[in-house]
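# Observations on the model geometry
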Amino acid sequence: MITQFLLDTWLLWLLLGVGGLLWWGGRDSQYVNYVFNRYLLALATLVLVSGIVFSLMEVLPGDCAEKYIAYKNTQGETITEADIQAERVRMGLDKSLPERWGRWVTNLTLRGDLGFSCAKRQSVNLALGNRFWMSFMFCIAGLMFSYLIAVPFGILSAFTINKPWTDKNPQHSKAEQLAGTAVLSLQKVVDLLLRIISYLGLALPNFLLALTIILLYVFAGEPMPTGLFSDQWVNVPWFGPDGFETGKFYDFLGHIWLPIFVIGWSATALQLQTVRALVVDESNKLYVDAARARGVDGLTLWAGYPVRHSISPLFNSIGFDFQRVFNDLPIVAVVIGLTDSAALLIEALSMTNDQELAAAILFLVALVVISMNFMTDVVLAAIDPRVRKSVLGNG
Amino acid sequence: MTVGINLLEIRDLTIDFHTDEGLVRAVDNLSLSIRPAEVMGLVGESGSGKSVTAKTIMRLAPDNAVVQHLSQITLNHQGQDVNVLKLRGRDLRLVRGNAVSMIFQEPMASFAPAIRISDQIIQTMQIHLGYSKDQARRVGIELFDRVGIVDPAKRFDQYVFELSGGMRQRAMIAMALSTQPKLLIADEPTTALDVTIQAQVLDLMMELREQMGMAMLFITHDLGVVSKIADNVTVMQRGKAVEVGSAERVLFQPQHPYTRRLLDALPHLENLPEAPRHTPEPLLSVKNLSVSYPTSGKGRKTELFTAVKNISLDLPEGQIIGLVGESGSGKTSLGKAMLGAAPISSGGVQYHNTEKKVTFGVGKPVKRKHLARTAQLVFQDPYSSLNPRMTARDIIAEPLEAMRLTKSREETDQKVIEVAKRCHIEVEHLRRFPHAFSGGQRQRISIARALVCKPKFIVADESVAALDVSIQAEILNLLKELKEELGLTILFISHDLSVIANLCDWVCVMRHGELVEQGSVRQIFLNPQQAYTQKLISSIALLDAKESRSHRSPEWPCMAEQSVSVVSCERV
Amino acid sequence: MNALLARFGRKSKQTKNDESYYTAGQMALIKARFKRKTSGVVAAWILGTMVLMGFFAPFFSPVDPTIRGADAEYRRGAPQMIYFWDDNGFSLRPFSYTYKKVNAKIDLKALAGGGLDALDAFIASGALSSSSQNKFEIDKNNRRYVQFFVKGWDYSLIDLSVGSLDLDFRWDRHLFGVERGQIHLMGTDEDGKDVFSRTLHAVWVTISIAIVALIVKLFVSLFVGGVSGYFGGRVDTIMMSITEAVRVIPPIPIYLACAVALAHIDLTPVQRYFAIAVVIGALDFATLGRRLRTHILTERNQDYVLAAKLCGSSTRRIIWRHLIPSFTSYIIVDTLINFPYVILAETSLSFLGLGLTEPVNSLGVLLQKAQDPDIQQNMVWQFFPVLVFVFLIMAFVFVGDALRDAADPYSEKK
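Residues numbered from 1 in each chain as written. Chains lettered and ligands numbered in written order. Predicted model: local features only at pLDDT ≥ 70, side-chain atom pairs only at ≥ 80, totals over all residues. Heavy atoms only, no water.

## Quick notes on the packing of helix α13 (residues 392-402) of chain B against helix α15 (residues 439-451) of chain B
All names here are of chain B.
- Their axes nearest at 7 Å, the elements α13 and α15 cross at an angle of 30°. For the element pair α13 / α15, the angle class is roughly parallel. Crossing geometry of α13 relative to α15 is assigned as right-handed. Contacts between α13 and α15 involve Ala392, Ile395, Ile396 and Pro399 from the former and Ile445, Ala448 and Arg449 from the latter. (Axes fitted to C-alpha atoms, helices over the stretch in contact; angles between N-to-C directions. Helix = DSSP H or I, 4+ residues; strand = E, 2+ residues; numbered from the N terminus. Parallel < 35°, antiparallel > 145°, perpendicular 65-115°, else oblique. Left-handed = near helix turned anticlockwise from the far one by under 90°. Contact = heavy atoms within 4.5 Å.)

## A word on a positive patch on the surface
Residues and elements named next belong to chain B.
- A cluster of basic residues, Lys356, Arg373, Lys407 and Lys415, forms a positive patch at the surface.
- Position of Arg373 among the secondary structure elements: in helix α12 (residues 368-374).
- On the basis of relative accessibility, which here comes to 41%, the residue Arg373 falls in the partly exposed class. (Patch = residues over 30% accessible without salt bridge, like charges linked within 9 Å, V, L, I, M, F, W, Y side chains within 5 Å. Areas by Shrake-Rupley, 256 points an atom, 1.4 Å probe, with all protein chains shown as cover. Salt bridge = Lys/Arg side-chain N within 4 Å of Asp/Glu carboxyl O. Lys, Arg positive; Asp, Glu negative; His and termini not counted. Charge placed at Lys NZ, Arg CZ, Asp CG, Glu CD. Buried < 20%, exposed > 50% of the residue type's maximum accessible area, 1.4 Å probe, protein only.)

## A word on the sheet that holds strand β19 (residues 489-494) of chain B
Residues and elements named next belong to chain B.
- The strand order β17-β18-β19-β14-β20-β21 describes an open sheet built from six strands, whose pairing is mixed. The open sheet has two edge strands, β17 (375-378) and β21 (514-520), and neither has a second partner. Sheet twist, expressed as the mean angle between neighbouring strand axes with direction ignored, is 20°.
- For strand β18 (residues 457-461) and β19, the ladder comprises five bridges, and the chain directions are parallel. By the bridge assignment for β19, Asp461 is matched with Ile493.
- The strands that helix α11 (residues 331-338) touches are β14 (320-324), β18, β19 and β20 (506-511); relative to β19, the one it contacts most, it runs at about 155°. (Pairing = 2+ DSSP bridges.)

## Some thoughts on the packing of helix α13 (residues 298-316) of chain A against helix α16 (residues 355-383) of chain A
All names here are of chain A.
- Taken N-terminus to C-terminus, the directions of α13 and α16 make an angle of 155°; their axes are 9 Å apart at the nearest point. Compared by their axis directions, α13 and α16 come out roughly antiparallel. Every residue of α16 that contacts α13 at Ser312, Phe315 and Asn316 is listed here: Asn373, Thr376, Asp377, Val379 and Leu380.
- For the contact of α13 with α16, a count of residues per class yields three nonpolar, four polar and one charged. (Nonpolar A, V, L, I, M, F, W, Y, C, P; charged D, E, K, R; others polar.)

## Topic: helix α9 (residues 251-263) of chain C
- Helix length check: α9(C) (13 residues) gives 18 Å between terminal C-alpha atoms against 18 Å at 1.5 Å per residue, within 8%.
- The element α9(C) is largely enclosed, with a buried count of 11 among its 13 residues.
- Of all the positions in α9(C), only C:Ile252, C:Pro253, C:Ile254, C:Tyr255, C:Leu256, C:Ala257, C:Cys258, C:Ala259, C:Val260, C:Ala261 and C:Leu262 are classed as buried.
- Where α9(C) is buried, its residues contact α3 (30-57), α14 (318-336), α15 (341-351) and α16 of chain A together with α10 (269-282) and α13 (315-351) of chain C. (Expected span 1.5 Å × (residues − 1).)

## As for the side chain of A:Ser135
Residues and elements named next belong to chain A.
- Mapped onto the elements, Ser135 comes out in helix α8 (residues 131-159).
- Residue classification places Ser135 among the buried positions, given a relative accessible area of 0%.
- Apart from the residues lying within four places of it in its own chain, the contact partners of Ser135 are Phe326, Leu329, Asp340, Ser341 and Ala342.

## Concerning the environment of C:Leu310
- Note on placement: C:Leu310 falls in helix α12 (residues 303-310).
- Residue class for C:Leu310 comes out buried when judged on its relative accessible area of 3%.

## Considering the nonpolar core
- Counting 145 residues, the largest nonpolar core has A:Met57, A:Leu208 and C:Phe389 as its most contacted members.
- Setting aside residues no more than four positions away along its own chain, A:Met57 makes contact with A:Leu349, A:Gln355, A:Ala358, A:Ala359, A:Leu362 and C:Ala257.
- Counting 92 residues, the second-largest nonpolar core is a separate cluster that includes B:Leu13, B:Ile57, B:Leu193 and B:Leu202. (Core = buried A, V, L, I, M, F, W, Y, C linked by side-chain atoms within 4.5 Å.)

## Structural notes on the packing of aromatic side chains
- For the coordinates displayed, the defined rule picks out 18 aromatic pairs over all chains.
- Between B:Tyr351 and B:Phe457 the ring centres are 6.1 Å apart and the planes differ by 65°, which places this aromatic pair in the edge-to-face class. With B:Tyr351 in strand β15 (residues 344-351) and B:Phe457 in strand β18, this residue pair connects regions lying 106 residues apart in the sequence.
- Given the relative accessible area of 0%, B:Phe457 is considered buried.
- Taking the centre distance of 5.5 Å and the plane angle of 80° together, the rings of C:Phe59 and C:Phe60 count as edge-to-face.
- The ring of A:Phe320 carries the charged tip of C:Arg247 above its face, separated from the ring centre by 3.9 Å. (Phe/Tyr/Trp six-rings, centres within 6.5 Å; stacked < 30°, edge-to-face > 60°. Lys NZ or Arg CZ within 6 Å of the ring centre and 35° of its normal.)

## Section: the interface of chain A and chain C
- Each side of the interface is counted separately: chain A has 43 residues, and chain C has 42 residues.
- Inspection of the chain A/chain C interface yields four residue pairs in polar contact (both at pLDDT 80 or more).
- Counting only elements with at least two residues in the side of chain A that touches chain C, the list comes to α3, α9 (174-203), α10 (206-220), α11 (246-283), α14, α15 and α16 of chain A.
- A breakdown of the residues in the side of chain A that touches chain C according to their chemical character gives 36 nonpolar, six polar and one charged. (Polar contact = N/O pair within 3.5 Å; in protein donor to acceptor, adjacent residues only side chain to side chain.)

## Thoughts on the environment of C:Val51
Residues and elements named next belong to chain C.
- Position of Val51 relative to the elements: it lies in helix α4 (residues 38-55).
- Distance from Val51 to Ile207, taken between C-alpha atoms, is 7.9 Å for residues 156 residues apart in sequence.
- Each residue touching Val51, except ones within four places of it in the same chain, is listed here: Trp204 and Ile207.

## Remarks on the pattern of salt bridges
- Taken as a whole, this structure holds 31 salt bridges over all chains when the rule is applied.
- Linking B:Glu474 and B:Arg444 is a salt bridge whose minimum nitrogen-to-oxygen distance equals 3.1 Å. Linking B:Glu474 in helix α16 (residues 469-486) with B:Arg444 in helix α15, this pair joins segments that are 30 residues apart in sequence. Each member of the pair B:Glu474 and B:Arg444 is classed as buried.
- The network of salt bridges with shared partners includes B:Arg393, B:Asp394, B:Glu398, B:Glu401, B:Asp413, C:Arg317 and C:Arg321.

## Brief notes about the pairing of strand β7 (residues 100-103) of chain B
Residues and elements named next belong to chain B.
- Judged by which residues are buried, β7 turns out to be covered on both faces: Val100 and Met102 on one side and Ser101 and Ile103 on the other are all buried.
- For β7 and strand β8 (residues 183-187), the ladder comprises four bridges, and the chain directions are parallel. From the neighbouring strand, Val100 faces β8, where its bridge partner is Leu183.

## A few points about the interface of chain B and chain A
- Every contact between the two is made by 37 residues of chain B and, on the other side, 30 residues of chain A.
- Between chain B and chain A, a total of about 3,000 Å² is buried, with carbon and sulfur atoms accounting for 53% of that surface.
- Between the two partners, chain B and chain A, sit one salt bridge.
- Ionic pairing is found between A:Asp297 and B:Arg93, a salt bridge with its closest N-O pair at 3.2 Å. (Buried area = accessible area lost by both parts, 1.4 Å probe.)

## Description of α16(B)
Residues and elements named next belong to chain B.
- Taking 1.5 Å of rise per residue, the 18 residues of α16 would be expected to cover 26 Å, and the 26 Å separating its terminal C-alpha atoms lies within 8% of that figure.
- Against α10 (257-264), β14, α14 (409-422), α15, β19 and α17 (497-503) lie the buried residues of α16.
- Just past α16, the residue Gly487 takes up positive phi, approximately 70°.

## Regarding a nonpolar patch on the surface
Residues and elements named next belong to chain C.
- Among the surface-exposed residues, Phe148, Phe149, Leu157, Leu165, Leu167, Phe169 and Trp171 lie close enough to one another that they form a single nonpolar patch of about 680 Å² accessible area.
- Elements with a contribution of two residues or more to the nonpolar patch: β3 (136-159) and β4 (168-178).
- Broken down by element, the nonpolar patch gets its largest block of residues, three residues, from β3.

## A look at the environment of C:Gln377
Residues and elements named next belong to chain C.
- Within the fold, Gln377 resides in helix α15 (residues 373-378).
- The exposure class of Gln377 is exposed, given its relative accessible area of 53%.
- In this structure the C-alpha to C-alpha distance between Gln377 and Leu256, which are 121 residues apart in sequence, comes to 30 Å.

Written as structure tokens, this is what we have:
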């Protein structure tokens, strides 16, 4: 019996256990104390979020009882208003909002049970399956794509920011000036291109970009790469009789570039501007000049000084970058025809009024974002001495 | 002194800047030379071009600086003359850390905050001397020891924010010396330091210079510091060198009026006023006053930080009282507490001889309207103490309008104009916004605002610290005028002893929240009783008294008086 | 002000001795700095023109964009170009041609008698394909001259009616039109509605939603940030936790949920429109609210606020005279910078079919049509709103950037 009880409530014990460990460690070490505080804050925020999400899903019309009765209706039974009301009482839907919310939260924290989807007539965990993982992977891939492009180009852009177009230094000979002008102009052109790209990235929303790409395919007369696999590879398993199916992998790559590119597009544009602004800010500080005065130059200077100090704020924003990317995912999923949880979300919200599923997906997203924020805070406080100092006082 | 080859020679250096307003000349035809192992003092105020010159020697001028064609900078390195301005690429390392090194005004800002000091110093040595990591580390710790950092091995591996102010400056000196440069450029290295630490750092630099036979280009605005350390002096004003010569000549037989003005800012210990016959009545009494701030202590507890510890004090009326202390002494907290702007944890403040009784403290809250008409504050930072979105007239009129002391706009305007004239602000300028005024003018506006409702007591919290030396003199004279014409009592808070010596009648010395000593200015400066006060007084950078007496030319005493009157006549 | 602006025009160099520089308040300084950036100024002109054209859309559109103005004769029609010159000679007055619909010829008799082969041939001839639906014969000899200030359909210029007070100013002149029939500069859609007119009207609808949303957002943010920043302590912690929680949730699903909820309440399209704008605005308070709160927290401790207190200023005076003006410029700049995002939010919603829907004219609605493969293949000119949309957003982004640069360095030159 006890084992059953413990199994039923494993998530709760896990959370409490971690909390307890942190509290114990926090009595002596200021750092662990800080981690403990963030942990509590994260949990509190999660609770608040669950409250908001739950109440918001209430605005979706139709509750579980109606859906159940409607289902019964399709089975051929007739229904009356009294039936619906009776069903409500049976399901406990007539209880007040806080009570129902409380029950949902307890289910969630005790077991990790996301609820029961009345529209789909199955548990939400089952309905979601691995789709949330899919969305998660998409977003992470999109984010990595955007970081891979934005960070180096942002730094390059920052490097050219205050340089003039031409070399008019009276100390250089005419030949040197010409060469200098050529180099400077090239840098400026690159910078201008990057800025235009970043503006376009902001102006062209993801779905429009997806549309444009599809249009281009139409003009080219090629079949559109919707979905994750083309028809011939959809049902082929990854590991066939000859081992790993490389054909399926290439097909996958051929399809996956579109969603990742579209998802990462506006994230890249935003990141470009952020990275550029951060690096420019840091490179104007005195310590960079001081390093130059010591003879540090070129790549060592840039990598070691402004860039290294800009990484912290960049790293810190990962959580909200993820949230922004996930925000755009539903529409992209609809346009491109993906079948991940974002598509499910749209379907749940706009078509089937599946409150439980929608609430669960939103909660999961919030969970990911909050966990990411927690982890970045903790990691930064551990490795970046400036953060450590400001957060822990003179520790 | 042997006439040898110059280590560094600057000829006709002209530097312009591309700004929004066009091409602005920062340095105009400057010529300068430094011989090996010689110290050149480069003196000037902000805008004089001294920092730009130093940066250009190391080829660190900002991108929008244009060094004009005829300029020449030559460095004599290992017997060869090197044209510094034509260096390119890796050769630049010669003037950046190799033969020439630099130390900056703000040691905190010149170390990378997130990289250990050891990594930065080792990197420097690896670049220039090719040492291995272990070798560099050993040399680095040795240097730390040499510059007087206690527990050098531990401090070597720390981050810059873990060191105290004086230690940071020493660490920076250690880093600059690690490559054994021939020329050390010091850009205002002691300006941001407390007086006692300043003296120590100066001594250290002199010592190192002797040991290493290094030349120095010492940039500062303080002629007292220059007198201690320099062999030759160049005085710069607005990009031009207005006076050049040996230190003795420039400091004791100054030719140019600008140099004389700068010399005037030094404390004239011969001219300290006599204490008045009978001490006037106290205007305000402070009894058992303590000021405490809550801070986050270790772990989860909040601790109280006591800035002012149980001070009792009487301030005589109609005098300028100086409140001296180093940073962290609690002087600002005490000043603010007298105005009811700091959290008082025990004791109280009482004003005498006022229309309405003004007294407050623990248990007795401040009656702001009464207090505002009795006492006012002039802040330290002229840039943040004026609301950038209000015109000068509105700023000055604020007390009148806030407390509805006047009946009509005309009356307010009249009072504003009256007080503006007294503070030497031109009436047409009242329409302007703060961004149109210089630092000194802004302080005048601050003072005018404090005066407009005719208080009896003004607290000037480091009010001239952010200003250039020559502007400081004007503001100080204004304060003296106000004391004489209006019978104002002024509490002047400062860490700069030379300013106090030139201005105050009565001095109080604070340390770590406690009152160490108080007395007339003559007593404190010429006959300090407490050990701490003695230490403070001895560390003031003064013109070397012995030298001044023996080298004094007949015109010197008269010149001192002359220059005082010259300054007080000038108005800007 | 004119003298001030003339002074700060790009050509002249501003000298420190300029009196107008000294007496320029904050807004004037920002304007002056803004004018120095060409990209910002050009973008501002483009933006201004577009907004103006959008506001006076009926004047600029020769055709009524609603179903009333639908051209039954010219459905799915390609854009009608305006020429000055053709084979028949040069004309000072611009003109267009007459278009006549060509119906696909279906030979029923041959079909009936031909069996499967005839059917195959018939299908292969493309007579049934959708692209044959929009074939029009251009009669080059039949010119229709463009006229200016034509009398056309009746519209409301400015409607200031309030309650029962009718202040509707109606007019019926349009900037241009043709002699016979209607001119469709950007073609028509499946119902015959003019794409050009619809787009112009859509611009204004979209912008007005954005304006409403931004005003709502401003008030909510001011409230949250102001209360939080001013009171500090416990109140601050609670409000910031709530803000953080709201910030974590991705906004678009929330808009979707609200939109669905609204769909079930009976609302007129205009009311729907306002409700959506209010929802978008009210949920977006997180970032601005937080910035305002931080700003107020720091400004409270600035010297000049303390100085005001010592001068005897009451709390209310400090708030009104000192704190609020300190962030006015920031608010204005932030609002302008956020225009694109709000517009994107509305278009995304309408794109999914959950915001505004047909027959309302908004850019989102028009963009949604671009999803239809029929339109993608056969009526490419219906992508014209896409172009306008991109231009509009880019213009906002450039103006916002330039404005941010102009407002940011409001730091004193030391």
